[in-house]
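One letter stands for each residue in the lines below.
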Amino acid sequence: MHRVTSLIRLTLPAAILIALSTNTGAAEDLSSALKTIKAVAAEGAGNEQAQAAWKTLAKAEAAQIPVLLAALEDANPLAANYIRAAIDAVAERQLQSGKPLPADALEKFALDTKRNARARRLAYEWLTRVDKTAAERLVPKFADDPAVEFRRDAVAQLLDAAAKIDSSDKDTAIDAYRQALAAARDRDQVDKAAAALSKLGQTVDLPAHFGFIQHWKVIGPFDNHEERGYPIAYPPEKSIDFDASYDDKTEKVKWMDFATADNYGNVDLNKALGKTLGAVGYAAVEFESDRDRDVELRLGTRCAWKMFVNGQLAGAYDSYNPSTLLDQHIVKAKLKKGNNVILVKCCQNEQTVPWAQLWHFQLRVCDVAGTAVLAANRPPRPAAEADAAAAAPRNSK
Amino acid sequence: MRLLQLRSHLVLFGAAVLLLSGGADWLAFRGTNNDGNAGSETGPAKISTETTAWKAALPGRGASSPIVVGGKIIVTADSGYKSDRLHILAFDAASGTQLWERQFWATGRTFCHETSAVAAPTPASDGKFVYAFFGSNDLVCLDLDGNLQWLRGLTHDYPTAANDTGMAASPVVSGGTVVAQVESEGESFVAGIDTRTGLTRWRMNRPREMNWTSPCLLRGKTADEDLVVIQAREGVRALRPQTGEEAWKYDTECQTIASATPHEKGVLVPAEQLLSLDFTSGSADAAQWKQVKLSSSTSSPIVRDGKVYSIQRTVLACGDAKTGEFLWQLRLTGTNVWSTPVVAGDYLYVASEEGVVQVVRTGLSKGEAVSELALEERVLASPAVVDGALYIRSLGHLYKFAEKN
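Per chain, residues are indexed from 1 in the order of the written sequence. Chains carry letters from A onward and ligands carry numbers from 1 onward, assigned in written order. Selection of residues for local features in this predicted model requires a pLDDT of at least 70, selection of side-chain atom pairs for listing and counting requires 80 or more, and totals for whole chains, interfaces and linings are taken over all residues. As a rule here, side-chain values come from all non-hydrogen atoms in the structure, and water together with hydrogens is ignored.

**Student:** I keep staring at the pattern of salt bridges and nothing clicks. Help me out?
**Tutor:** Pairing between side chains becomes possible if they bear opposite charge and their charged atoms approach one another. Residue and element names in this part refer to chain B. Each salt bridge in this description consists of a side-chain nitrogen of Lys or Arg and a carboxyl oxygen of Asp or Glu lying within 4 Å of one another. Enumeration over the complete set of coordinates arrives at 45 salt bridges over all chains. A salt bridge links E183 to R206, with the nearest nitrogen and oxygen atoms 2.6 Å apart. With E183 in the loop between β11 (177-182) and β12 (189-194) and R206 in the loop between β13 (200-205) and β14 (216-218), this residue pair connects regions lying 23 residues apart in the sequence. Measuring nitrogen to oxygen at the nearest pair gives 3.4 Å for the salt bridge that ties E234 to R237. Within the structure, one salt-bridge network assembled from shared partners comprises E183, R206, E234, R237, E246 and D251. Numbering of helices and strands runs from the N terminus, with a helix taken as a DSSP run of H or I at least four residues long and a strand as a DSSP run of E at least two residues long.

**Student:** Any chance you could explain the sheet that holds strand β32 (residues 397-402) of chain B here in plain terms?
**Tutor:** Residues and elements named next belong to chain B. The criterion for strand pairing is that DSSP finds at least two bridges linking the strands in question. An order of β1-β32-β31-β30 is seen for the 4 strands of this open sheet, with the pairing classed as antiparallel. Because the sheet does not close on itself, it has two edges, and the strands there are β1 (52-57) and β30 (384-386). Within the sheet, the average angular offset between the axes of one strand and its neighbour, ignoring direction, is 15°. In the sheet, strand β31 (residues 389-393) pairs with β32 via 5 bridges, with the strands oriented antiparallel. Bridge assignment links L390 to a residue of β32, and that residue is F401. Helix axes are fitted to C-alpha atoms over the stretch in contact, other axes to C-alpha atoms as well, and angles between N-to-C directions run from 0 to 180 degrees.

**Student:** Help me out: how do you make sense of the side chain of B:E183 in this one?
**Tutor:** Residues and elements named next belong to chain B. Burial status follows relative accessibility: with a 1.4 Å probe on protein chains alone, a residue under 20% of its type maximum counts as buried, one over 50% as exposed, and anything between as partly exposed. Residue E183 is classed as buried on the basis of its relative accessible area, which comes to 1%. Side-chain atoms alone can form a polar contact between residues adjacent in sequence; in general such a contact is a pair of N or O atoms within 3.5 Å, and within protein one must be able to donate a hydrogen while the other accepts it. Of note is the side chain of E183, whose polar atom sits 2.9 Å from the side chain of Q181. Throughout, a contact is declared for two residues whenever any of their heavy atoms are within 4.5 Å. Ignoring anything within four residues of it in the chain, the contact list for E183 reads M167, S188, F189, R206, E209, M210, N211 and A232.

**Student:** I keep staring at the interface of chain B and chain A and nothing clicks. Help me out?
**Tutor:** In many analyses, interface size is given as the accessible surface area lost on bringing the parts together. Contacts between chain B and chain A engage 41 residues on the former and 44 residues on the latter. Computed with a 1.4 Å rolling probe, the buried area is the accessible surface lost when two parts are put together, summed over both parts. Overall, the association of chain B and chain A removes approximately 3700 Å² of surface from exposure, summing both partners, and the carbon and sulfur fraction of that is 48%. Where chain B meets chain A, there are 6 salt bridges. Two residues, A:E43 and B:R152, come together in a salt bridge whose shortest N-O distance is 3.3 Å. Here chain B and chain A share 23 residue pairs in polar contact (both at pLDDT 80 or more) between them. Counting only elements with at least two residues in the side of chain B that touches chain A, the list comes to β5 (98-105), β9 (148-153) and α2 (154-157) of chain B. Put simply, Ala, Val, Leu, Ile, Met, Phe, Trp, Tyr, Cys and Pro go in the nonpolar bin, Asp, Glu, Lys and Arg in the charged bin, and everything else, Gly too, in the polar bin. Along the lines of polarity and charge, the residues of the side of chain B that touches chain A split into 15 nonpolar, 14 polar and 12 charged.

**Student:** Help me understand the confidence of the model for chain B, please; the structure alone is not making it clear to me.
**Tutor:** What pLDDT expresses is the predictor's confidence in each residue, scored from 0 to 100. For chain B, the average pLDDT comes to 92, and 94% of its residues sit at 70 or higher. Segment residues 1-23 of chain B is flagged for pLDDT under 50; beyond a separation of four residues in sequence, or across chains, it makes 19 contacts in the model.

**Student:** I would appreciate a short explanation of the environment of A:P322 in the present structure.
**Tutor:** Following the sequence through the fold, A:P322 ends up in the loop between β9 (312-317) and β10 (329-335). Using a relative accessible area of 17% as the deciding quantity, one classes A:P322 as buried. For A:P322 and A:V253, which are 69 residues apart along the polypeptide, the C-alpha to C-alpha distance reads 28 Å. In this structure, A:P322 is in contact with A:R302, A:W355, B:N163, B:T165 and B:M210, ignoring residues within four places of it in sequence.

**Student:** Any chance you could explain the confidence of the model for chain A here in plain terms?
**Tutor:** Atom-level detail of predicted coordinates should not be read off regions where pLDDT is low. All names here are of chain A. Confidence along chain A averages 91 in pLDDT terms, with 90% of residues attaining 70 or more. Counted against residues more than four places away or in other chains, residues 15-21, with its pLDDT under 50, gives 0 contacts. With pLDDT under 50 throughout, residues 388-397 is counted as low confidence; its partners more than four residues away or in other chains account for 23 contacts.

**Student:** Got a minute to help me understand unusual backbone geometry in this structure?
**Tutor:** Note: most peptide bonds trans; most residues except glycine with negative phi. Residues and elements named next belong to chain A. Omega for the peptide link from G220 to P221 comes to 5°, which places this bond in the cis form. The residue P221 is located in strand β1 (residues 215-223) in this model. The phi dihedral of E227 is positive, around 60°, even though this residue is not glycine. Note on placement: E227 falls in the loop between β1 and α12 (235-238). Overall, E227 belongs to the partly exposed group, its relative accessible area being 38%.

**Student:** So what exactly am I meant to see when it comes to the packing of aromatic side chains here?
**Tutor:** Each aromatic ring pair is characterised by the separation of its centres together with the angle its planes make. Side-chain rings of Phe, Tyr and Trp (the six-membered ring for Trp) are treated as a pair once their centres are within 6.5 Å; stacked means planes under 30 degrees apart, edge-to-face means over 60, and tilted covers the remaining angles. Taken as a whole and assessed by the stated rule, the structure comprises 18 aromatic pairs over all chains. Aromatic pair A:F222 and A:Y282: ring centres 5.6 Å apart, planes at 80°, arrangement edge-to-face. With a gap of 60 residues between them, A:F222 in strand β1 and A:Y282 in strand β6 (residues 279-289) connect regions that are remote in the sequence. Just as A:F222 is buried, A:Y282 falls in that class too. Pairing B:W54 with B:F91 gives two aromatic rings, centres 6.4 Å apart and planes at 25°, and the pair type is stacked. Highlighted residues: B:W54 in strand β1 and B:F91 in strand β4 (residues 85-92), separated in sequence by 37 residues. Comparing B:W54 with B:F91 shows no difference in burial state: the two are buried. By way of ring pairs, the aromatic residues A:Y124, A:F142 and A:F150 are connected into one cluster.

See below:
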């Protein structure tokens, strides 16, 4: 017995030391591999080094999954995919060998709203594979989650619950759909809640829900023959003077008011500026922010475009596509407290196919979750006939 | 470095062995030779619930075809409200058991028309690695066990390379280069990517026009003699896959959805009419024949045993591949066919958009529909035929059909 005790006394510290050094070594390997992977960049730069580093990550213990999840925080989109694939490989291997995942750590990570949204979601999805009660327990907590994918699950539950309310209990149904609408950020869910509310006799201000700009100053057309107008800085790009007028090649153009009553903020420049091809149109809005803040300017247009915030180029896209889609282009911008000028340059080319005749855009201001950011000086919602009324005044010599 | 070279040669050798063996593999869109011809393989004579060997649920939708590599079925899918989850899955061909899944976040644009999917391009393989491409222009190289080798985000590199309707060109792989065709109204190019490193070997600017056609590979005696054929509205180009050097071209207005198909010493090109080009002749007299009755709408022409098959919406047409002579036509079940059929043995397999899989017995004087099965889910993908089995993916499921022994 004494000999055994002595042996333990002698060997235990060594074993702990070895274990510690092994763990330290593994942690160092992991840290080094993550550093290598985070260095991948455009054009495949760093791919060769990342190939070996990925093998190190994929050999990690399941207990290290939270470390890998945390590494997604500052990984570029390419590196994030390397890390994600490694997490999946580790988790898959663990489950295929009949061993558990660190469910508690995954749940803690998933519920930490300060963490990277995609990393949280990945943690949650592996959690739900091993804990069949997780979704039922957690989804109701997600209605106000900053991450849209979590929120979407909760809204789906709210919509399902609202649909089950007896039609005779109108007030309860209205409350339920209002709750779902307030939480909803994805268009399909917003539309579903809004349609249900409409059937219940309720009015929904969809443009305000999304944060669409409805009141604009517009000017044009400027020349875009053979798509040459895209790189040209016409006067509105140099300075905004709503009282100014300019000579275009065919006519004198000046700023005009244009309001759209469209639920999705569609600004039809064919209506506002006259139907034409090979043209550049500008639309500007004075947006009063209650504080300095980061926003997303989400633009939908099939046209080539540029966007300027307070005179600075914020985003650009030189391509003409067949479709105009919600949130087609997302531009991150900073608004200052007080008045900001957002300017959209919308270019129409000269294609003759039917879809290319559309010269329009929609713009909304929101946060990263898609929650509307409304201007302090937002005017009342235009009446339904606003489009037609606004289309009446036209540019003239 | 020598080790890497050796690995590269082993990959080539492995791929060559598979190809020479007539292959129990189906390595790319429209099969290993991109012609929709299953070679010595035969498929089931009947498609029914009785011949359904297995059915596996997929985690998302897709218009990409399954490929078969070393007994594994590889298929891609996309999921999520924004279709920005990209999935690559492997199933055991015998049992249908899912072996592994890798998922990625799209780094490019994922707007897509409902008649396509972000998972529209079919993966390609050299027998050892899988090159999975998506409409977001994300290109991922995995080994057959799902281990990531490298990845590229071509829209991450070229932000306007997108059409917001859904990019769809499937890649081809030849001699250590995977060729991706990325043509849109924005940045538009075709690129040769090193299969070992994922680095760009060459990149050629292309017309800024939407184009959904896939490249096809004209296999030479060695990979150095391979040509990759790309088609756009402006015409047909044959490039050397290792360098991108243009070897041959033919200017004629081509279609932008149905793709060119290898045929003898040239290609069949879906233009205003179906056009047979012979690359061994001078460009000016390359056109061997034209046949309007063999025009395609969205599915690509396929060739077998001297006959060419094409589909115009739901009308299957057969012609003589040597002369272009129209032989027969057959109206298929359904309102439209988006996918390209395959032909194995005496049977042609095709699925309508509505998901009716049909077996047509092909003959010299007529085609005869002999079997059909409604999958009750849309089908936008081309089938694969390997080891007597037909693999087909509907929007959300993967099926294996095989005669019971």
